[in-house]
Amino acid sequence: METIRGTFNLGENMMKSSNDRDIYTSSSLMKPRTTLVVIKAKHIQKAVSGMSKPPSAYRTPTRRNSEFYVCPTFIGRLGNQLFQFASGFGIAASKDMKFLVSTNDLIFQIFQLKNSRHLFISEDRERECVNAQVTIENRASSFDKNVGNFATNATHQVGYYLQSWKYFHNSSHELRKQLKFRDHVQTLAKKIIKDILEKYKTTRDNVTLIAIHIRRGDMVNHTYGYLVASKEYFEKAMILFSNYSNPIYVLCSNDLKWSRANIMKKYKVEFISGNSPEVDLALMASCDHVISSVGSFSWWAGWLSNGKVTYFKWPAKEGSDLRAEFSSDYMDYFYPHWTGL
């Protein structure tokens, strides 16, 4: 899970970060809020929320394309914001409302978002959302049915992290149409793939490209409870894909020194460096399959590839604050058809 250390001012809808380290797979790390908060003007109501079913559990199709919106809470970097976008979009779609984004939002700058039945792109999101009622999840990496349990006769803002596929699973087809990388990003990713194919004197049809994402950096020895994927995990995952036709592994990491020292040398592995976060993400999404590690950036590399995905089964230390943010079996966070190792 990718998070930020800071203080969130609901009135101004801003995150003030205490650490601006440019680690592309993560901002600095914090403990998310742990209570559901519903806010209207200056009134705050705290309620207890539980875990339940995907968005169909709170579907209320009594209004269609209401003039009211579902507004985002964009905090963190790309992996965080993809969850916030996708989950907000899924909640809006489940209620046949429009999710609101701005032309200034990071997501809009990277993806070819288009106005649709469930998405509205505004030049002034703050104006549209200024009087929104705000609902906050109970746990950052678990599904909370109460986040979408609201009437469609008002504009609502949802947050903070919303890191569960269950918020948007019912809208996945529509969501994939929106999350197409902009041409300038996709062109750079294609160039990297072209160079790899030329190096091995082969064509795209004759190889299986398998992305490996290795997230370490600030998660190593972090006191909040983060665990990083082990050398043994990557070995198991690479062996799993070794039977695929002519596999080439495309590795992106924020710790290339560790990666070069620990990834098995007997396979064809290309170590990628020097790109922006969005180009690395587009590159991994362009691969046939993904060996993910930990963190939301890695999660989205897997989802966007839409191929076979492996994940490290133990991303949080038992008994830690981070572990409490997940469901008991982690399966509100990880897709059931992905392979845990």
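For the structure itself, consult the block above.
Model, not experiment: these values are computed from the prediction.

(A) Layout of the packing of helix α8 (residues 277-285) against helix α9 (residues 296-305). Between α8 and α9, whose axes approach to 8 Å, the crossing angle comes to 40°. One element, α8, and the other, α9, form an angle in the oblique class. Pair α8 / α9 crosses with right-handed handedness. Contact residues: P277, D280, L281, M284 and A285 in α8; F297, W300, A301, L304 and S305 in α9.

(B) Just the packing of aromatic side chains, in detail. What the rule picks out here adds up to 30 aromatic pairs. Considering the side-chain rings of F326 and Y333, the 5.3 Å spacing of their centres and the 90° angle between planes classify their relative orientation as edge-to-face. Residue class for Y333 comes out buried when judged on its relative accessible area of 3%. Residue placement shows R182 over the ring face of F108; its charged tip is 4.7 Å from the ring centre. We note R323 situated over the ring of Y330; from NZ or CZ to the ring centre the distance is 3.9 Å.

(C) Structural context of the pairing of strand β8 (residues 133-136). Along β8, one buried face is formed by Q133 and T135 and the opposite face, lined by V134 and I136, is buried too. Bridging between β8 and strand β9 (residues 156-159) involves four bridges; their strand directions are parallel. Residue pairing in the sheet places T135 in a bridge with V158 of β9.

(D) Geometry of the state of the cysteines. Tallied over the full model, the rule gives one disulfide. In this model, C71 is linked to C129 through a disulfide, with the two sulfur atoms separated by 2.0 Å. Handedness here is read from the sign of the S-S torsion; for C71 and C129, about -90°, the answer is left-handed. With a gap of 58 residues between them, C71 in strand β5 (residues 69-71) and C129 in helix α3 (residues 125-129) connect regions that are remote in the sequence. Not engaged in a disulfide, the cysteine C252 finds its nearest cysteine sulfur in C287; these two sulfurs lie 7.7 Å apart. Judged by its relative accessible area of 0%, C252 is buried. C287 gets classed as buried once you look at its relative accessible area, which sits at 4%.

(E) A look at the packing of helix α5 (residues 183-199) against α8. In the contact formed by α5 and α8, the axes pass within 8 Å of each other and the chain directions differ by 60°. Of the possible angle classes, the one that applies to α5 and α8 is oblique. As α5 runs across α8, the sense of the crossing is right-handed. Taking contact as the criterion, the partners of V185, Q186, L188, A189, I192 and I193 in α5 are, on α8, E278, V279, A282 and L283. The class makeup of the residues in the contact of α5 with α8 is eight nonpolar, one polar and one charged.

Parameters and conventions
- Residues numbered from 1 in each chain as written.
- Predicted model: local features only at pLDDT ≥ 70, side-chain atom pairs only at ≥ 80, totals over all residues.
- Heavy atoms only, no water.
- Axes fitted to C-alpha atoms, helices over the stretch in contact; angles between N-to-C directions.
- Helix = DSSP H or I, 4+ residues; strand = E, 2+ residues; numbered from the N terminus.
- Parallel < 35°, antiparallel > 145°, perpendicular 65-115°, else oblique.
- Left-handed = near helix turned anticlockwise from the far one by under 90°.
- Contact = heavy atoms within 4.5 Å.
- Phe/Tyr/Trp six-rings, centres within 6.5 Å; stacked < 30°, edge-to-face > 60°.
- Buried < 20%, exposed > 50% of the residue type's maximum accessible area, 1.4 Å probe, protein only.
- Lys NZ or Arg CZ within 6 Å of the ring centre and 35° of its normal.
- Pairing = 2+ DSSP bridges.
- Disulfide = S-S within 2.5 Å.
- Nonpolar A, V, L, I, M, F, W, Y, C, P; charged D, E, K, R; others polar.

Function cannot be inferred from these measures alone, as they are strictly geometric.
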